[in-house]
Amino acid sequence: MINIAVLGYGTVGSGVVEVINTNHVSINKRAGDEINIKYVLDLRDFPGDPVQEILVHDYEIIVNDPEVDIVVEVMGGIEPAYTFVKRALEAGKSVCTSNKALVAKHGPELMEIAEKQNINFLFEASCGGGIPIIRALNCSLTADEIDEVTGILNGTTNYMLYKMSTEGSAFDTVLKEAQGMGYAEADPTADVEGYDACRKIAILSSLAYGSFLNYEDIYTEGITKITPEDMAYAKELGMTIKLLATSRKIGEDSFYAMVAPFMIGPGNPLYSVNDVFNGIFVHGNVLGDAMFYGSGAGKLPTASAVVADVVDEAKHLHRNIMTNWTSHPLKLMDLDEVKGRYFVRVKDTTVEKVDEIFGKVQMIVHLEDSSDEFGFVTCEMAQKEYKEKIQNLEGKVLSMIRVKD
């Protein structure tokens with residue numbers, strides 16, 4: 001018997017208990033032993049719930065119990081999760097987590113402790129919910145040199161942009177709708193400002209490139225400035241707007257990473273990832289293109305990924321699973337040197353003036369003939385060059401969105 005303890009009995013924690021109880025026969029078979037939930041830690045009580053029989057309120061009971069082999073951390077946040085996880089690893093207990101904030105900030109340190117203890121720290125559910133992207137990067141794609149990871153990594157913002165695109169709604173309207181459906185938190189900042197996606201692309205990039213990408217170094221821009229007018233222009237171009245988290249390897253040792261809204265067309269594999277779904281595109285020098293698609297959040301999809309880690313750790317109780325991620329920092333190139341195309345909305349200027357500044361551009365006339373604004377898409381240029389040119393239209397720019405082919 002392999003005893004586990006679940007830290008947190010919220011949405012994901014209760015899902016973990018449900019998945020293990022529902023699929024216990026197949027899970028035990030795959031683990032090669034019986035998985036037994038010995039403890040669930042939470043500050044609350046749950047009268048009438050069978051979990052009450054194994055509920056504890058004191059972490060010391062778990063960390064000091066030599067019969068606990070695996071700790072499942074699904075509390076969220078940095079503290080006390082970090083302290084609990086670190087102590088569990090130091091006590092010789094493997095840990096799996098869905099906590100992207102914890103992994104993005106302390107991942108290298110916790111993996112090093114696990115390696116020294118010959119146990120495991122796994123975090124499949126920290127990125128993409130139920131999409132098995134971590135295991136793919138760490139195991140299935142190890143023969144490849146990965147040079148790009150780009151994803152729609154936040155279901156809330158993808159739902160909102162999809163609604164704005166299909167219904168012509170304003171940001172505030174779709175945010176209230178998303179909150180009403182439980183897709184967005186009362187404080188949606190982490191989602192709509194791109195912070196959630198930023199932490200996820202930091203984790204995925206660290207695994208893809210084998211070095212530690214600090215999420216604080218990633219340029220991050222959210223969707224709060226996207227308007228129905230932007231969506232109308234995108235539609236005129238045969239494109240749509242998605243919040244993409246992306247990192248790329250340029251040349252031998254140059255990397256860039258960013259989170260920002262992008263206009264993408266039907267030829268992009270992420271174009272059709274709609275509603276609350278997530279999609280992750282990976283390019284390798286041998287494999288070529290690969291797409292991972294599925295539920296990026298939710299109780300049971302996320303819990304399923306957590307339990308998959310529990311099974312993996314049960315099969316490797318006293319043997320560390322090698323992870324392609326070191327504490328060596330991944331240095332990013334200056335974004336001003338990165339090349340791309342830009343969609344720009346302007347007012348109170350002329351097509352001739354724009355052509356004079358940018359050279360020949362792709363024009364998009366506003367849908368309302370009476371409007372004094374129009375849009376255009378630049379040719380490919382370094383961000384530094386774009387910044388220099390756009391200064392000539394100071395006070396006339398309504399919005400800018402990057403374009404990804």
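A brief report on the enclosed structure follows. (Residues numbered from 1 in each chain as written. Predicted model: local features only at pLDDT ≥ 70, side-chain atom pairs only at ≥ 80, totals over all residues. Heavy atoms only, no water.)

Section: the side chain of T156
Right, on to step 1. Examined against the element boundaries, T156 turns out to sit in helix α7 (residues 155-167).
Right, on to step 2. A relative accessible area of 8% means that T156 is categorised as buried.
Right, on to step 3. Aside from chain neighbours lying at most four places away, what touches T156 is Y183, A184 and D191. (Helix = DSSP H or I, 4+ residues; strand = E, 2+ residues; numbered from the N terminus. Buried < 20%, exposed > 50% of the residue type's maximum accessible area, 1.4 Å probe, protein only. Contact = heavy atoms within 4.5 Å.)

With respect to the packing of aromatic side chains
Right, on to step 1. Following the criterion strictly, the structure yields 12 aromatic pairs and no others.
Right, on to step 2. An angle of 85 degrees between the planes, with centres 5.8 Å apart, marks the rings of F123 and W325 as edge-to-face. Here F123, found in the loop between β6 (121-122) and α6 (133-140), pairs with W325, found in strand β14 (residues 325-329); they are 202 residues apart in sequence, far enough to count as distant. Exposure class is identical for F123 and W325. Each is buried. (Phe/Tyr/Trp six-rings, centres within 6.5 Å; stacked < 30°, edge-to-face > 60°.)

Remarks on the pairing of strand β5 (residues 94-97)
Looking down a regular strand, the side chains alternate between one sheet face and the other.
Right, on to step 1. Residues S94 and C96 of β5 are buried on one face, and the alternating residues V95 and T97, pointing to the opposite face, are buried as well.
Right, on to step 2. Two elements, strand β4 (residues 68-73) and β5, share 4 bridges in a ladder whose sense is parallel. Looking across to β5, one finds that V71 is bridged to V95.
Right, on to step 3. Once the chain exits β4 it traverses helix α4 (residues 81-90) before rejoining the sheet at β5, and the crossover so formed is right-handed.
Right, on to step 4. As defined by bridge partners, β5 adjoins β6 across 2 bridges and the pair is classed as parallel. By the bridge assignment for β6, C96 is matched with L122.
Right, on to step 5. Read as a crossover between parallel neighbours, the route from β5 over helix α5 (residues 100-117) to β6 is right-handed. (Pairing = 2+ DSSP bridges. Right-handed = clockwise from strand over helix to strand, strands pointing away.)

Section: the nonpolar core
Nonpolar side chains in soluble globular proteins generally cluster together in the buried interior.
Right, on to step 1. I62, F121 and I133 are the most contacted members of the largest nonpolar core, which has 84 residues in total.
Right, on to step 2. Sequence-distant contacts of I62, that is, excluding residues within four places in its chain, are made with A5, L7, Y39, L41, V56, V68, V71 and K93.
Right, on to step 3. Judged by nonpolar contacts, the second largest core, of 32 residues, contains F46, I70, L122 and I321. (Core = buried A, V, L, I, M, F, W, Y, C linked by side-chain atoms within 4.5 Å.)

Re empty space enclosed by the protein
Right, on to step 1. Going through the model one piece at a time under the given rule, you end up with 1 cavity of 30 Å³ or more.
Right, on to step 2. Lining of the largest cavity is provided by F121, L122, F123, E124, I134, R135, N138, C139, D309, D312, I321 and T323.
Right, on to step 3. If one sorts the elements of the lining of the largest cavity by residue count, α6 sits on top with 4 residues.
Right, on to step 4. Taken together, the residues of the lining of the largest cavity sort by class into 6 nonpolar, 2 polar and 4 charged. (1 Å grid on protein atoms, 1.4 Å probe; cavity = no way out; pocket = protein on both sides within 12 Å on 5 of 7 lines; lining within 4 Å. Points joined across faces, edges and corners; volume = space filled by probe spheres on them. Nonpolar A, V, L, I, M, F, W, Y, C, P; charged D, E, K, R; others polar.)

Some remarks on the layout of surface pockets
Right, on to step 1. Estimated volume of the largest pocket: approximately 1,200 Å³.
Right, on to step 2. Along its surface, the largest pocket is lined by 45 residues, and V12, K100, E185, D196 and A297 are the ones closest to its centre.
Right, on to step 3. When residues of the lining of the largest pocket are traced back to their parent elements, those giving at least two are α1 (11-22), α5, α7, α9 (189-192), α10 (195-209) and α12 (299-315).
Right, on to step 4. The leading source of residues in the lining of the largest pocket is α10, at 4 residues.
Right, on to step 5. Residues belonging to the lining of the largest pocket are distributed by class as follows: 15 nonpolar, 20 polar and 10 charged.

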